[in-house]
Amino acid sequence: MSADRPTLPPVRLHSDAELARDALSAPLFARAAQLARWAEPGVPVGVGGELLQEQVATAVEHLGLAGDEDADAYVAEAWQLAVDTGLVEIDESEETAEEGADRPDDAQAGTAAPGEELPLLTSGSPQDILDIWLGGMETVLADAVAPDLSDIADQIAEGGELDLDAIDWNPEEEAELLDGILGNLYLLTALNDDPGQAVPLPALAASMIVPDDMDEPTDDILEEVSEAMMRLDDQFRVLEPIGLVAYQPVDEALIEELDEDGATVRAAEPLKDEDVSRYGMVRLTPLGIYAVRTRMLDAGVDAPAVGDLTDKGADVLLDALPGYPEPLAQAESEQWLAARAPADAARDLLSAARGNDESGPLRRLACQQTLSLAGPEAEPALREVLDDRELGGLARVWLAEHGAADIPEPTQDMIFWLTVDTIAAQLGAAEADEESAAELRGLVEGVVGQHNGFFDAAWRVDHPAAADVLEAMGRLHPDKKAAKEARKAAFKARSRQGS
């Protein structure tokens, strides 16, 4: 894998059929589809392809939005999405093509009718639907980072062009910031055992602004976070109707309202109950996870999903699994095993697990965890490696766990080799994870307590990681005497390896 190609934790995706159903039921996309069908056999539109006011009123009725104060805006958004995604096509009149043609603002300039993409929503494949939805999502993302022109009409430059410098808006920077926010939200989702858990808006905003090495945010940084929260609040309100996120907005009672002169019109209500959810909560929907991953893949980011390794070899599987959260590692292993005959899968895994390289212990641990999911049909493959120094120990563990008979007793050398190999496999994870470190300390204490004279035997084990394991045991064991014995044994092991 290329060193400059970022890698993310894996995610579990819903099926294409489930995602397509989610796309079709997203409020904005569903309205766009309804309007596209309503446009048959043709409706008049203005010079920009927009619905004329008379048609807007009819569309409001068609969508069942009569009485909603935002009905016209909902219709305009849905109609624009239908045009942008090809669900609706605009046929301009000949007069429209004539430059300088004068017409009233609300005069017909063309006709709109259902587009070629519309039938795919009912007769196409789930992927066809998702492709159309993805195109619409890109339109919505662009809308989310656009400035609010209703507040800055006086800053529109002469000739109808927008002076971006005057409104302090950089479209590329805004798009990159939103991409970063969605990327962080994706990462938090991938790392969370519960992908449906929402993230507090302050934490998400801080993840993009507060430097990693800053213990206590400054007032300036906190002000930036607050401003980013308000911007994100607006953006997530735009993104929710397309089905990208599920969003609980910021409680408006917590926002200070100012007049044009900066004087306080309404003071912010203090947060008495410490309910951080009132500052906004957001999560990616299953459709959102799919969409953000698709965009990342297009950008060259390695964003794996459960099932990606099903058609890969055992060596690829065992190299990848140590970096997966436990539930996803199990799901990936189950799919990989389900695609193969049990005995053949076991043989491939055992073969790939061999090796004295630095990653060998992790591969064997992943192999053992994957084989634990295999059924009794794998037993012949495990018995074939009982005499293998690297694999015989884990094979005996598997046979015992599966209630097999006639399991030969392991030699002392095999027991100690497997112990060293197991601890070596867990050292890397323990360095980066406090929970794993606690488990490793417990393992070290248990191993020393179960084997009298463990350190005197362990330094003689012909395992490439023996010295490193013993040094780690010296650091981890809480008993000073045992820790000292471990350090002495590590010195002997290193001297033996160097001789």
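Description of the structure in this document. Everything numeric here is computed off the predicted structure, so don't read it as measured data.

Counting secondary structure elements, the protein chain contains 22 helices and 8 strands. Taken across its 499 residues, the protein chain has 40% of its residues classed as buried. When contacts within the protein chain are restricted to residue pairs at least 6 apart in sequence, long-range pairs at least 24 apart make up 66% of them. Taken as a whole, the protein chain presents about 26800 Å² of accessible surface, with 48% of it coming from carbon and sulfur.

In total, this model carries 4 aromatic pairs according to the counting rule given. Relative to Tyr 247, the ring of Phe 236 lies with its centre 5.4 Å away and its plane at 50°, an arrangement referred to as tilted. Remark: Tyr 247 occurs in strand 5 (residues 245-248) and Phe 236 occurs in helix 10 (residues 219-239); sequence separation between them is 11 residues. Overall, Phe 236 belongs to the buried group, its relative accessible area being 0%. Three or more aromatic residues joined by ring pairs make a cluster, and in this case those are Phe 416, Phe 454 and Phe 455.

To continue, consider the pattern of salt bridges. Applying the stated criterion across every chain yields a total of 18 salt bridges. Note that Asp 311 is salt-bridged to Lys 312, the shortest N-O span being 3.3 Å. Judged by its relative accessible area of 35%, Lys 312 falls in the partly exposed class. Note that Glu 390 is salt-bridged to Arg 364, the shortest N-O span being 3.6 Å. Residue Glu 390 is located in the loop between helix 16 (379-383) and helix 17 (392-401), and its partner Arg 364 is located in helix 15 (residues 360-371); the two are separated by 26 residues in the primary sequence. Residue classification places Glu 390 among the buried residues on the basis of a relative accessible area of 12%. Accessibility expressed as a relative area gives 2% for Arg 364, which makes it buried. Through salt bridges with shared partners, a single network forms among Glu 138, Asp 179 and Arg 295.

What follows is about the pairing of strand 5. Burial along strand 5 is one-sided: Val 245 and Tyr 247 are buried, and none of Ala 246 and Gln 248, which face the opposite way, are. Relative to strand 8 (residues 281-284), strand 5 runs antiparallel, the two being bridged by 4 bridges. Counterpart to Ala 246 in the pairing with strand 8 is Arg 283.

What counts and what doesn't
Residues numbered from 1 in each chain as written. Predicted model: local features only at pLDDT ≥ 70, side-chain atom pairs only at ≥ 80, totals over all residues. Heavy atoms only, no water. Helix = DSSP H or I, 4+ residues; strand = E, 2+ residues; numbered from the N terminus. Buried < 20%, exposed > 50% of the residue type's maximum accessible area, 1.4 Å probe, protein only. Contact = heavy atoms within 4.5 Å. Areas by Shrake-Rupley, 256 points an atom, 1.4 Å probe, with all protein chains shown as cover. Phe/Tyr/Trp six-rings, centres within 6.5 Å; stacked < 30°, edge-to-face > 60°. Salt bridge = Lys/Arg side-chain N within 4 Å of Asp/Glu carboxyl O. Pairing = 2+ DSSP bridges.

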